[in-house]
Amino acid sequence: MSLASLKSVTSSLAKLAIDERFYISTPIFYVNAAPHIGHAYTSVLTDVMARYQKIKGKKVLYATGTDEHGLKIQQAATANNEDPKKYCDGISDQFKEAIQICECDYDDYIRTTEERHEKVVQKIWTILEEKGHIYKGSYEGWYCVSDEDFLTETQTKEVPGPDGKPIRVSADSGRPVELFREENYKFRLSAFQKDLLKWLENESVVKPVQFRGDVIAWLTKEELPDLSISRPIDRLKWGIPVPSDPSHNIYVWLDALFNYLTVAGYPDEPYVWPPNIQVIGKDILKFHAIYWPAFLIAAGFEPPKQLLVHCHWTVEGQKMSKSIGNVVNVVEAAERVSPTALRYFLLRQGVPGSDNDFSMMQLINVANSDLADNLGNLLQRCTGPAINVDQIAPSIFEADFHALGQEGTDLFNSLVQLPDKVSKRFDDFEFYMGLQSIMLTLKCANIVMQSKKPWELKKQNKMDDVYLILGACVETLRVVGIMMQPIVPSLSSKLLDRLNVDASQRTWNHAIFTEQVEKRPLGADQTILFKRIAEAQPTAAATNKPNVAANGPKKEKQEKGPSKKEKKEKK
């Protein structure tokens, strides 16, 4: 079935079969090693978009999880002298802990070793087989165990090995490949080259734009070879059996990619399809932008609406490496600086379209500057009983801003323009740019506070002037607090509680300047919004000592609540 025909069919069936929740997913993380800061960035990016859609009024399905089959897992379990399932249990728990400590509120955590997933994968295999898209053949060529990827000769290259002798590696990842020949089942990938190019005609299906260009270049460079989608069981014991031939196990990427359909609720109806956004790292672009949509079209499903691709994280200019000892432990980093600070840094500094650099010192400087100084100090000045004697959020009108002079007018203009600026940036996953606009508006509010000096006016008993200043700044904090809910949920909740903003008035539609006719009492919580973090010591990359997160002062361990799935015991 062509992509055009497929869209026509799925459109006619949508009202009958499709759950219309906004569906967003991370990739499922491969359990060959513990989670690091790159996994945290993927998860936080996805969580922010999910929360953003929720406060805009949409129902959301946010899925994440772990990929647990394949030769690499089989070898890792053997090396650790463990049963593969037990090995996967341990690493998957580490990923779940890392995702939860980053305050990611997922709806479903899928593991490919679950029975529900095995049933979906075997059903899809049967569909593809019945449609004639699978045939038995032989494969002779290169295979990269680290990437779980079959490669043509042109996709490999020779490089000097550790001993100086030439070795062959993947041209894309630089990881070693091995040559072998075996009988396996193949998917007619070559039949879907035109459909894939048709899908890519929509400029929004792969973002940022340079990654769409990469995929088009792959598809136009040469004809796609058919793809081996099984391994003989004597080579790969740890996998899902081919339903029509138990002497073969299903190729790990065919298995893994259909996790998104398992989470969607398939084959029960209604199920959520297609995914609105799938967040992935650039290293798995080929699998998600070529194999995945081809599998879907072949099986009769519409491809995802959008792939959001992000680049990698280095640590103080160096690639993360176990041998260097600079791999950032997510849980330890969050416990030392707080989940709020870690989330904020990743989103404030992270640019999806380019590689980003992690530094504990920079994290602390950014969090202290933006959250403690720019935001927290403003809230403290506005709500502290030394100035805000009556403990109120004052009434405020547009004219009041202008009555504060040029500084007040500048703040008003910045505040009323802020919603459109931030919405546009958040819609495009440019959270760093949205946060920049928010911080500039807060800076305007701090200029008003500093230039008008309400503490001096209080000494002169000019309380009307004091509350005029506080009214303008409190309204700014209210708008900003609503906008920052997807970014730093715990901090934003504490901020809005202090301002006594009702839970029903925290949607995105409320994130606009609104004249407050009536004053309202403040909330009772007078604790500091965000405590400054003490200066960190040089990290592992600078000292050549292991464990980046171990440097810097250790904060009291943060309590992490249960996930939504665990609360409701879903599925």
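## Some thoughts on the overall build of the protein
Check the secondary structure of the protein and you find 21 helices and 23 strands. For the protein, the C-alpha radius of gyration of 26 Å lies close to 25 Å, the compact-globule estimate for 571 residues. Taken along the three principal axes of its C-alpha coordinates, the protein extends 90 × 60 × 45 Å. A burial count over the protein gives 57% of its 571 residues as buried.

## So, the side chain of Thr26
Summarising the element assignment, Thr26 is placed in the loop between β2 (22-25) and β3 (29-30). With a relative accessible area of 1%, Thr26 lands in the buried category. Reaching out from Thr26, the side chain makes a polar contact with the side chain of Thr64 at a distance of 2.7 Å. Non-local contacts of Thr26, meaning those with residues more than four positions away in its chain, are made with Thr42, Ser43, Thr46, Tyr62, Ala63, Thr64, Gly65, Tyr260 and Val279.

## Here's the deal with the sheet that holds strand β15 (residues 245-250)
Within the open sheet, the 3 strands sit side by side as β13-β15-β14. Their pairing is antiparallel. Edge positions in the sheet fall to β13 (230-232) and β14 (241-242), since each has one partner strand and no second.

## Overview of the pattern of salt bridges
Scanning the model with the defined rule gives 25 salt bridges in all. Here Asp89 and Lys85 are joined by a salt bridge, their closest N and O atoms 2.7 Å apart. In this pair, Asp89 and Lys85 both sit in helix α4 (residues 84-101), 4 residues apart, roughly one turn of the helix. The partly exposed category is assigned to Asp89, whose relative accessible area is 25%. Asp108 is the salt-bridge partner of Arg116, the closest N and O atoms lying 2.9 Å from each other. Of the residues examined, Asp108 reaches a relative accessible area of 3% and is grouped as buried.

## A word on the packing of helix α12 (residues 339-349) against helix α13 (residues 360-383)
It is at 9 Å that the axes of α12 and α13 come closest, and there the two elements cross at 95°. Overall, the two elements α12 and α13 adopt an arrangement that is roughly perpendicular. For the pair α12 and α13, the contacting residues are Thr340, Ala341, Leu342, Tyr344, Phe345, Arg348 and Gln349 in the first and Gln362, Leu363, Val366, Ala367, Asp370 and Leu371 in the second. Here the contact of α12 with α13 is built from residues that sort into 8 nonpolar, 3 polar and 2 charged.

## Some words on unusual backbone geometry
Across the junction of Lys207 and Pro208, the peptide omega takes the value -10°, indicating a cis bond. With respect to the helices and strands, Pro208 occurs in the loop between β11 (206-207) and α7 (209-221). Of the consecutive residues Tyr266 and Pro267, the connecting peptide bond is found in the cis state with omega at 10°. Here Pro267 lies in the loop between α9 (259-263) and β16 (271-272). Located in the positive-phi region is Ser338, a residue other than glycine, with phi close to 95°.

## Observations concerning the confidence of the model for the protein
Confidence in the prediction of the protein, expressed as mean pLDDT, is 89, and 90% of residues score 70 or more. Under a pLDDT of 50 for its full length, residues 8-17 has, in the predicted model, 8 contacts with residues more than four places off or in other chains. Throughout residues 565-571 the model reports pLDDT below 50, and contacts reaching past four residues in sequence, or to other chains, amount to 14 contacts.

## Comments concerning the pairing of strand β4 (residues 60-67)
The buried count for β4 comes to 8 of 8 residues, which makes it a mostly enclosed element. Here β2 pairs with β4 via 4 bridges, running parallel. Within the sheet, the bridge partner assigned to Ile24 lies in β4 and is Tyr62. Relative to strand β5 (residues 108-111), β4 is paired through 4 bridges, and the arrangement is parallel. Pairing of Thr64 across the sheet is with Tyr109, part of β5.

## Looking at the environment of Met439
Turning to its location among the elements, Met439 is positioned in helix α16 (residues 431-452). Considering only alpha carbons, one finds Met439 and Gln53, 386 residues apart in sequence, at a separation of 22 Å. Beyond its immediate stretch of four places on either side in the chain, Met439 contacts Tyr344, Arg348, Asp370, Asn374 and Met484.

Criteria and thresholds
Residues numbered from 1 in each chain as written. Predicted model: local features only at pLDDT ≥ 70, side-chain atom pairs only at ≥ 80, totals over all residues. Heavy atoms only, no water. Helix = DSSP H or I, 4+ residues; strand = E, 2+ residues; numbered from the N terminus. Rg over C-alpha atoms; globule rule 2.2 N^0.38 Å. Buried < 20%, exposed > 50% of the residue type's maximum accessible area, 1.4 Å probe, protein only. Polar contact = N/O pair within 3.5 Å; in protein donor to acceptor, adjacent residues only side chain to side chain. Contact = heavy atoms within 4.5 Å. Pairing = 2+ DSSP bridges. Salt bridge = Lys/Arg side-chain N within 4 Å of Asp/Glu carboxyl O. Axes fitted to C-alpha atoms, helices over the stretch in contact; angles between N-to-C directions. Parallel < 35°, antiparallel > 145°, perpendicular 65-115°, else oblique. Nonpolar A, V, L, I, M, F, W, Y, C, P; charged D, E, K, R; others polar. pLDDT = per-residue confidence, 0-100.

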